[in-house]
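A look at the structure
One-letter residues, chain by chain:
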Amino acid sequence: MRKPAPSARDSARAWDEAAAGWEAQTPHIRAWLAEATAEMLDMADVRPGMRVLDLAAGAGDQSCDAARRVGCDGGVLATDVSPRMVAAAAARLRSAGHGNARCMVADCGALGLDGANFDAAICRLGLMLLPDPLRGLRSVRRALRPGGRFCAMVFSEPGANVCVDIVVSIVARRAGLPAGDRYRPGSLLSLGEPGLIEDLLGSAGFVDITVRRKRVTLGMASLGDYLAFIRTAAAPVMGMLEMMGDAARRAAWAEVEEALSPFSGADRWEAPTELLLAAGAR
Ligand SMILES: C[S@@+](CC[C@H](N)C(=O)[O-])C[C@H]1O[C@@H](n2cnc3c(N)ncnc32)[C@H](O)[C@@H]1O
């Protein structure tokens, strides 16, 4: 049985459940992704005075970086399918004093922003979650001005993201889903298939396509902290866990914990991750 890719409605519901967790984990997410985020903004050519569209913005961490970069003469529109994520992003942008940013609930696959003429667009760890990423890419391209650039950050291959792969494959197998189907549309690793994101950007009509790999260490004080991150903030895994009974869920966690324990050092838990930064111009 192949698990169907989640619809926008399913995603909104699942990520609403994870929104408080994602928001609470933002300091860890920031420590992990800040440098790659700056590179994503560079590859989207985000500069002062620009109008930037942020897709699947989550709790708005990277929206704040974009708002800081464009300054008061520019603007950011942070969008997400989950109303609770949008509320979290709005609160974060407000408390950081970014009056140049707005937020909107929107499904990446049907943005409804055709002809909006954004100068640039970004999507951090969201594009791979779409059931139809090509549809999403076409939708964002239509929101850009001619020449405007888009950059997405996604995970690369499973072998370079073992701490993600271990969790997803163990939990999927325990939930009765095919663990070998790592590139299943809508799954966390779906766009890590070699060459896929380049092809999708080209098929959507983007030109001047560049894809860079970026290795970053995901570090937490302990394995327990990483498990708490997954348990409270990783909606795709939380969804699979919900499909199980209590005993199966406990067994899945025990197996995950054992498989991830080799990444524990003397005073920290650290695992390698690898991201793809994939950019193109309209
Ligand atoms: C892994 S989180 C990343 C959030 C944020 N970009 C970050 O890096 O902190 C994925 C986000 O994608 C959003 N998302 C999932 N499916 C979506 C869709 N179809 N349209 C828009 N957002 C979506 C979720 O609500 C969630 O906020």
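Look a little higher up for the structure.
Residues numbered from 1 in each chain as written. Predicted model: local features only at pLDDT ≥ 70, side-chain atom pairs only at ≥ 80, totals over all residues. Heavy atoms only, no water.

Examining the pattern of salt bridges
Counting across every chain of the model gives 22 salt bridges. For Glu39, the salt bridge goes to Arg212, with nearest N and O atoms at 3.1 Å. Of this pair, Glu39 sits in helix H2 (residues 26-43) while Arg212 sits in strand E6 (residues 207-220), and the two are 173 residues apart along the sequence. Given the relative accessible area of 18%, Glu39 is considered buried. A salt bridge links Arg268 to Glu270, with the shortest nitrogen-to-oxygen separation between them at 3.4 Å. On the accessibility criterion, Arg268 (37% relative accessible area) is partly exposed. The class of Glu270 is partly exposed, set by a relative accessible area of 40%. Residues joined by salt bridges that share partners form a network here, namely Arg30, Asp61, Asp65, Arg68 and Arg124. (Salt bridge = Lys/Arg side-chain N within 4 Å of Asp/Glu carboxyl O. Helix = DSSP H or I, 4+ residues; strand = E, 2+ residues; numbered from the N terminus. Buried < 20%, exposed > 50% of the residue type's maximum accessible area, 1.4 Å probe, protein only.)

What to know about the packing of helix H1 (residues 8-24) against helix H8 (residues 223-233)
As a packed pair, H1 and H8 sit with axes 7 Å apart at the nearest point and diverge in direction by 145°. Listed contacts from H8 to Trp15, Ala18, Gly21 and Trp22 of H1 are Phe229, Thr232 and Ala233. Residue composition of the contact of H1 with H8, by class: five nonpolar, two polar and no charged. (Axes fitted to C-alpha atoms, helices over the stretch in contact; angles between N-to-C directions. Contact = heavy atoms within 4.5 Å. Nonpolar A, V, L, I, M, F, W, Y, C, P; charged D, E, K, R; others polar.)

Topic: the site of the ligand
Looking at the ligand, there are 18 residues lining it, with Ala56, Asp80, Asp107, Cys108 and Arg124 nearest. Between Ala56 and the ligand, the recorded distance is 2.7 Å, taken from a backbone N or O atom to a nitrogen atom. Within the side chain of Gln62, an N or O atom sits 3.2 Å from a nitrogen atom of the ligand. Its free accessible area being 590 Å², the ligand has 98% of it covered by the protein chains. If you map the ligand onto the pockets, it falls in the largest pocket. Counting residues per element, the shell around the ligand draws most heavily on H1, at three residues. (Near = heavy atom within 4 Å. Polar contact = N/O pair within 3.5 Å; in protein donor to acceptor, adjacent residues only side chain to side chain. Areas by Shrake-Rupley, 256 points an atom, 1.4 Å probe, with all protein chains shown as cover. 1 Å grid on protein atoms, 1.4 Å probe; cavity = no way out; pocket = protein on both sides within 12 Å on 5 of 7 lines; lining within 4 Å. Sits in = over half its atoms within 2 Å of the grid points.)

Things to note about the layout of surface pockets
It is a probe the size of a water molecule, rolled over the atoms, that shows where empty space is left. Here the largest pocket is characterised by a volume of approximately 700 Å³. Residue assignment for the lining of the largest pocket shows that the elements contributing at least two residues are H1, H2, helix H3 (61-70), helix H6 (162-174), H8 and helix H9 (235-242). Take the lining of the largest pocket: its biggest share by element is four residues, from H1. Tallied by class, the residues present in the lining of the largest pocket amount to 30 nonpolar, nine polar and six charged. (Points joined across faces, edges and corners; volume = space filled by probe spheres on them.)

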